[in-house]
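So the chains spell out like this:
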Amino acid sequence: MVVLKPGAFVNEGCYFDGNERVVIGRAAVAQGVRFVTSTHEIGPSEFRVGPLVTKPIHVGDGAWIGAFATILPGVTIGNGAIVAAGSVVTKDVEPNTVHGGVPARLIRSLEG
């Protein structure tokens, strides 16, 4: 389920895997962003894909997610945060910060 709060903007070509809730506040999501809410545990050597694990994603008010970023299960993007284009976000992004890279890391803090 995707929940868009009033004022949310989601550009074209975004992907939502639909396995868990994605909540987007009054934020901007650029084209081609992927919201991946599911993964698998590691299975035994005979078949490494184990049981399905799902976790929600939350994007806070004022956030901006750049083009073709990937947001992985359980991540919260804080209010006023920026995720650089093409980043892979594996951990929470603190409010009023810029994160980027693969995997995404803190680049700098912003004024709140």
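Here the structure is a predicted model, which means the values were calculated and not measured.

**Digging into the sheet that holds strand β9 (residues 57–59)**
Taken in spatial order, the 4 strands of this open sheet run β1-β4-β9-β12, and their pairing is parallel. Here the strands that pair on one side only, and so sit at the sheet edges, are β1 (2–4) and β12 (76–77). Judged from the 3 bridges that link them, β1 and strand β4 (residues 22–24) form a sheet pairing that is parallel. When the bridges of β4 are listed, Val2 appears paired with Val22.

**As for the nonpolar core**
Counting residues in hydrophobic clusters, the biggest one holds 19 residues, and the most contacted among them are Phe35, Val59, Ile65, Ile71, Ile77 and Val89. Those elements that provide at least two residues to this core are β4 and β9. Here Ile65 is in contact with Ala28, Val29, Ala30, Val33, Phe35, Val59, Ile71, Ile77 and Val83, once residues within four sequence places are set aside.

**Quick look at the packing of aromatic side chains**
Describing an aromatic ring pair means giving the distance of the ring centres and the angle of the ring planes. All chains considered together, the criterion is met by 1 aromatic pair. Taking 4.8 Å as the distance between ring centres and 5° as the angle between the ring planes, the aromatic pair formed by Phe16 and Phe35 counts as stacked. Of this pair, Phe16 sits in strand β3 (residues 15–16) while Phe35 sits in strand β6 (residues 34–35); the two residues are 19 residues apart in sequence, bridging distant segments of the chain.

**Examining the side chain of Asp17**
With respect to the helices and strands, the residue Asp17 is situated in the loop between β3 and β4. Reaching out from Asp17, the side chain makes a polar contact with the backbone nitrogen of Asn19 at a distance of 3.1 Å. For Asp17, the side chain forms a polar contact with the side chain of Thr37, separated by 2.4 Å. Look past the residues within four positions of Asp17 in its chain and what remains in contact with it is Phe35, Val36, Thr37 and Ser38.

The rules we used
- Residues numbered from 1 in each chain as written.
- Predicted model: local features only at pLDDT ≥ 70, side-chain atom pairs only at ≥ 80, totals over all residues.
- Heavy atoms only, no water.
- Pairing = 2+ DSSP bridges.
- Helix = DSSP H or I, 4+ residues; strand = E, 2+ residues; numbered from the N terminus.
- Core = buried A, V, L, I, M, F, W, Y, C linked by side-chain atoms within 4.5 Å.
- Buried < 20%, exposed > 50% of the residue type's maximum accessible area, 1.4 Å probe, protein only.
- Contact = heavy atoms within 4.5 Å.
- Phe/Tyr/Trp six-rings, centres within 6.5 Å; stacked < 30°, edge-to-face > 60°.
- Polar contact = N/O pair within 3.5 Å; in protein donor to acceptor, adjacent residues only side chain to side chain.

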